[in-house]
Amino acid sequence: MKRVNAVAWNTFREAVRDRILYNLVFFALLMMASAIFLGQISLGIETVVLVSLGLSAVSVIGLLIAVFTGVGLVSKEIDKRTLYALLSKPVRRWEFLVGKFAGLVLTLTVNTAAMAAGLILSLLFVKHTLERGDAVVLVAVYFILLKISIVIALALLFSCFTSQLLSILFTAGLYVAGLFVTEMRNLSGSRLAPAMQTLFSWISYVLPNFENFNIMAAAAHGKAVPAALILQNTAYAVLYCGIVLASATVVFSRRNLK
Amino acid sequence: MNNRKSIAVLLLAVLPVGFAGIWRLQHAIDGQLQSIHEEQDEVLLRSGKMMKLLSLEYAPLMADIYWTRVVQYYGSKSERREQNLDSLWPLLDLATTLDPNLMPAYRFGSTFLAEARAVGAGRPDLAIQLLERGIRENPEQWRLYQDLGNVYYFSLRDNQRASEAYLEGSKVPGAAPWMKLMAARILERGDTRQTSRLLWSEIYQSAQDPTIKENAKTHLLLLNADEDREQLNLLVEEFAKKVGHPAASVRDLIEAGMLRGQPADPDGFPYVIGKSGKAEFSPNSPLYKLEPLYRRF
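The rules behind the values
Residues numbered from 1 in each chain as written. Chains lettered and ligands numbered in written order. Predicted model: local features only at pLDDT ≥ 70, side-chain atom pairs only at ≥ 80, totals over all residues. Heavy atoms only, no water. Helix = DSSP H or I, 4+ residues; strand = E, 2+ residues; numbered from the N terminus. Buried < 20%, exposed > 50% of the residue type's maximum accessible area, 1.4 Å probe, protein only. Contact = heavy atoms within 4.5 Å. Areas by Shrake-Rupley, 256 points an atom, 1.4 Å probe, with all protein chains shown as cover. Expected span 1.5 Å × (residues − 1). Arc of directions from axis to C-beta. Salt bridge = Lys/Arg side-chain N within 4 Å of Asp/Glu carboxyl O. Polar contact = N/O pair within 3.5 Å; in protein donor to acceptor, adjacent residues only side chain to side chain. Nonpolar A, V, L, I, M, F, W, Y, C, P; charged D, E, K, R; others polar. Axes fitted to C-alpha atoms, helices over the stretch in contact; angles between N-to-C directions. Parallel < 35°, antiparallel > 145°, perpendicular 65-115°, else oblique. Left-handed = near helix turned anticlockwise from the far one by under 90°.

Asker: Can you explain the overall build of chain B? Please cite residues and give values.
Answerer: When you go through chain B residue by residue, the secondary structure sums to 14 helices and two strands. Out of the 297 residues belonging to chain B, those deemed buried represent 47%. Taking the contacts inside chain B whose residues are at least 6 apart along the sequence as the reference set, 57% of them involve residues at least 24 apart.

This is the structure:
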């Protein structure tokens, strides 16, 4: 655990040193400023526009960092040959992977928290007060973070066996596919052969269902989210990340690094 | 753990157990998401013009995506027999603003909008708005005039406007010759079962979409059943005059020699004499449930 923590902390420090992170946070704050402007020129939906745009910005920026940084977690270490020095120390390959994953999740947690704070401040600026219902915005941000964690795990898995470019394509492709899982499961029976319907249904359970984490509309309208959903989504993200990281560990442990 | 062992553990334990857990969790999450479903139906960005700007050069692609969303939205709602189709119009509005030449969105969309609630959105006014926009953007499409005439005739029972729409459509080069005949027929004879049958038959034959085809077929079956029940009701009246008391069942008519066998509805279920003393569908017949949803002349 100590070794995992050390890798995670170093990954976090390395990411924080990367200026892109600061630029993206600045971008998020800029988006929120635009949201305030958009809210003022719209009629009656200032809060809705602000929350929708703010959460979209948090999600897009988080995803960009997760994909572009996630795919470089392993390949960058191999390219720079720092991995060899690291693995010559008493660090197991799975510890290295889990540490890298935890480090980037930590980075994005900090990053997302900063953006969430910006969003809440913007909300306070527009509404002049915060209500209990506004807590749903924080739940929505938490769900975005869970979603991002799965994306990091996927990016890490792909970076274990393929190039950075392909990893980006695979991760982005899987992310887009994961947004249509519900549609895939509910495809109308009259247009598809039953065998295809069953196949799609199976695939829909294997693909990560990112729609589970989309409560943006509920947050924009201040509608309460059941506590059970928060627990279930957390369990879903933890389990899915566990599966992907276990697969990544097996792939990485078989990789010939010579 | 050596490599082979770790692969075996991954394939035989981690993946099956993990995805079984995912499967269970997904069902639980689906249940929870149902409770905030209403909000998810909402279309946040309703301005077609703004959407067109944001879509850059990909507006037609976005229109296709919105149209696909309309189909999925309508399909899932009608499967659950949900009456709230409030997002249908904004979605169609967006799809047709993004791509003004998207014919399926006008043609099928107007049907979804115009049909009575439980089958459609029950908003013929919006269907007309959509079709008028379609005609403005695609004046060469005579089928849009036909659809407009259908909405006026079936949903609003406005024979004058229905006739005008068919007549206008008949002037478009390449329009079917029956458009002019239909315009004259509706104006002359008005709202008759024969006219309805002609229109639904034409919709049934020309429809490519299975949902629209099925809809037209149900309307045609109900029209046939209307005719059957009208005939049966005449016999019931005749029986009452002859015997002095109303017929309690169809069997009474058979025993009185007025019918040669048990008459059945288009789905093969025998008609029954209801409490009102009139011929009705058997409660077991699929048409019994469909009739209140589709009730049009």
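Asker: Describe the overall build of chain A, and please don't skip the residues or the numbers.
Answerer: The helix and strand inventory of chain A stands at 12 helices and zero strands. Its helices and strands taken in sequence order, chain A reads α-α-α-α-α-α-α-α-α-α-α-α from the N to the C terminus. The proportion of buried residues among the 258 residues of chain A is 48%. Here the contacts in chain A between residues at least 6 apart in sequence split such that 79% fall between residues at least 24 apart. For chain A, the exposed surface amounts to about 12,300 Å²; the carbon and sulfur share of it is 69%.

Asker: Explain helix α9 (residues 159-170) of chain B to me, and be specific about the residues and the numbers.
Answerer: Residues and elements named next belong to chain B. Relative to the 16 Å expected for 12 residues at 1.5 Å per residue, α9 spans 16 Å between its end C-alpha atoms, a close match to the ideal helical length. Every buried residue of α9 is listed here: Asn-159, Ala-162, Ser-163, Ala-165, Tyr-166, Gly-169 and Ser-170. Each buried residue of α9 lies within a common arc of 160° when the element is viewed along its axis, so the set occupies one face.

Asker: Residue-level account of the environment of Phe-143 of chain A, with values.
Answerer: Residues and elements named next belong to chain A. Structurally, Phe-143 is set in helix α7 (residues 135-159). Through-space distance from the C-alpha of Phe-143 to that of Ile-215 is 8.0 Å; in sequence the pair is 72 residues apart. Once residues within four sequence positions are removed from consideration, Phe-143 is found in contact with Asn-212, Phe-213, Ile-215, Leu-229, Ile-230 and Asn-233.

Asker: Provide a residue-level description of helix α5 (residues 88-98) of chain B, including the pertinent values.
Answerer: Among the 11 residues of α5 of chain B, 11 are classified as buried, and the element is accordingly described as predominantly covered. Those residues of α5 of chain B that fall on the buried side of the exposure criterion are Leu-88, Trp-89, Pro-90, Leu-91, Leu-92, Asp-93, Leu-94, Ala-95, Thr-96, Thr-97 and Leu-98 of chain B.

Asker: Give a detailed account of the interface of chain A and chain B, specifying residues and quantitative values.
Answerer: Facing the 34 residues of chain A at the interface are 30 residues of chain B. For the interface between chain A and chain B, the tally reads zero salt bridges. At the junction of chain A and chain B, the tally comes to three residue pairs in polar contact (both at pLDDT 80 or more). Among the secondary structure elements, those contributing two or more residues to the side of chain A that touches chain B are α3 (46-70), α9 (181-185), α10 (194-206), α11 (216-220) and α12 (227-254) of chain A. Of the residues contributing to the side of chain A that touches chain B, the split by class is 18 nonpolar, 10 polar and six charged.

Asker: For the environment of Val-141 of chain A, give the residues involved together with the corresponding values.
Answerer: Residue and element names in this part refer to chain A. Here Val-141 is to be found in helix α7. Once the C-alpha coordinates of Val-141 and Asn-214 are considered, the two residues, 73 residues apart in sequence, prove to be 9.8 Å apart. Non-local contacts of Val-141, meaning those with residues more than four positions away in its chain, are made with Leu-55, Thr-112 and Ala-116.

Asker: Please give an account of the packing of helix α6 (residues 103-114) of chain B against helix α7 (residues 124-137) of chain B that cites residues and values.
Answerer: All names here are of chain B. With their axes 8 Å apart at the nearest point, α6 and α7 run at an angle of 165° to one another. When the axis of α6 is compared with that of α7, the two are roughly antiparallel. When the axes of α6 and α7 are compared, the crossing they make is left-handed. From α6, Ala-105, Tyr-106, Gly-109, Ser-110, Leu-113 and Ala-114 reach across to α7, where they touch Pro-124, Leu-126, Ala-127, Leu-130, Leu-131, Arg-133, Gly-134 and Glu-137. Its residues placed into classes, the contact of α6 with α7 shows nine nonpolar, three polar and two charged.

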